[in-house]
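Structure at a glance
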Amino acid sequence: DAGVTQSPTHLIKTRGQQVTLRCSPKSGHDTVSWYQQALGQGPQFIFQYYEEEERQRGNFPDRFSGHQFPNYSSELNVNALLLGDSALYLCASSPRGDTWQETQYFGPGTRLLVL
Amino acid sequence: AQTVTQSQPEMSVQEAETVTLSCTYDTSESNYYLFWYKQPPSRQMILVIRQEAYKQQNATENRFSVNFQKAAKSFSLKISDSQLGDTAMYFCAFMEAFYGQNFVFGPGTRLSVLP
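Just so it is clear, the structure is predicted and the values come from calculations on it, not from any experiment.

Cut-off values and rules
Note that residues are indexed from 1 along each chain, following the sequence as it is written. A letter from A marks each chain and a number from 1 marks each ligand, given out in the order of writing. At least 70 in pLDDT is required for a residue's local features to be given in this predicted model, at least 80 for side-chain atom pairs to be given and counted, and no such filter applies to totals for whole chains, interfaces and linings, which use all residues. Neither water nor hydrogens contribute to the side-chain values; these are computed over all heavy atoms in the structure. To qualify as a nonpolar core, a set must consist of buried Ala, Val, Leu, Ile, Met, Phe, Trp, Tyr and Cys residues joined through side-chain atoms within 4.5 Å. Relative accessibility thresholds used throughout: buried, under 20% of the residue-type maximum; exposed, over 50%; partly exposed, between the two (1.4 Å probe, protein chains only). To qualify as a helix, a DSSP run of H or I must reach at least 4 residues; to qualify as a strand, a run of E must reach at least 2; elements of each kind are numbered from the N terminus. Think of it this way: a Phe, Tyr or Trp ring, Trp meaning its six-membered ring, pairs with another when their centres are within 6.5 Å, and the plane angle makes it stacked under 30 degrees, edge-to-face over 60, tilted otherwise. A pairing counts as a salt bridge when a side-chain nitrogen of Lys or Arg comes within 4 Å of a carboxyl oxygen of Asp or Glu.

A separate point is the nonpolar core. When a protein is soluble and globular, its nonpolar side chains tend to lie buried together. Of all hydrophobic cores here, the largest spans 26 residues; its most connected members are Tyr25, Trp36, Phe75, Leu77 and Tyr90 of chain B. Elements supplying a minimum of two residues to this core: strand E3 (19-21), strand E5 (32-39), strand E6 (46-52), strand E8 (64-69), strand E9 (74-79), strand E10 (88-96) and strand E12 (109-114) of chain B. Membership of the second largest hydrophobic core comes to 19 residues, among which are Val4, Ile46, Leu81 and Val114 of chain A.

Here it is as structure tokens:
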């Protein structure tokens, strides 16, 4: 049973560019959340997707957007990259969003470096 | 807004000894969930243990146990018989118990298990 997978593992971009990160949830999971983890800090919630819609959003600007596909996989897009966007981006999935399941399972993350 | 505090940025323990990591949180909600996640140097976030606030009994998972003090809003993690593989960042996380809520993480405690 594959767990949560993310791609790519590492990414280097320059300021002003755009980036897309991808996540495949654990089998049987239909809810995907994205987190930003700056170096030496705890993860910060970006947003959560369920049934292809953004269900909840954290305190992140509109430069951060996402998408969920019918197969429950998800993308995180960041436009107009800033140096401060350099971080580990974590994807987490949880099962059956229509009946509350509180435990989230995390992927290995994508390390983004903005130069 | 909920906040999670971990007052010990770094801790160390000798192999086979016991260590306790502290976590306090702030919320006005009465029903919620608490978690401890482990993030080894390989960076994959792994669920260690979870606690439902409505349960008075403290959760245990093998060598890991918690001391949940709801009135004090305290949620500490005890690791018994520490092993070298326990070396990691440990994050305390809070989640309100209703549909679609996100995790709020603490800043983490870096635990080193010494041989």
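In this section: the packing of aromatic side chains. Aromatic ring pairs are defined here through the distance separating the ring centres and the angle between the ring planes. Under the counting rule described, the total for this entry stands at 18 aromatic pairs over all chains. Ring geometry for phenylalanine 106 of chain A and tyrosine 37 of chain B: centres 5.2 Å apart, planes at 80 degrees, overall edge-to-face. With one member in each of two chains, phenylalanine 106 of chain A in strand E10 (residues 105-106) and tyrosine 37 of chain B in strand E5 form a pair that bridges those chains. Each member of the pair, phenylalanine 106 of chain A as well as tyrosine 37 of chain B, carries the same accessibility label: buried. Feature note: the residues Tyr35, Phe45 and Phe106 of chain A together with Phe35, Tyr37, Phe91, Phe103 and Phe105 of chain B constitute an aromatic cluster, connected by ring pairs.

Before going further, it helps to spend a moment on the pattern of salt bridges. All chains considered together, the criterion is met by seven salt bridges over all chains. With a closest N to O distance of 3.4 Å, glutamate 75 of chain A and arginine 22 of chain A form a salt bridge. Linking glutamate 75 of chain A in strand E8 (residues 74-78) with arginine 22 of chain A in strand E3 (residues 19-24), this pair joins segments that are 53 residues apart in sequence. Between lysine 73 of chain B and aspartate 26 of chain B there is a salt bridge, with the nearest N and O atoms lying 3.7 Å from each other. You can see lysine 73 of chain B sitting in the loop between E8 and E9 and its partner aspartate 26 of chain B sitting in strand E4 (residues 24-26), a full 47 residues away along the chain. According to the relative accessible area criterion, lysine 73 of chain B is partly exposed, its value standing at 27%. Salt bridges sharing common partners tie together Arg50, Glu52 and Lys55 of chain B.

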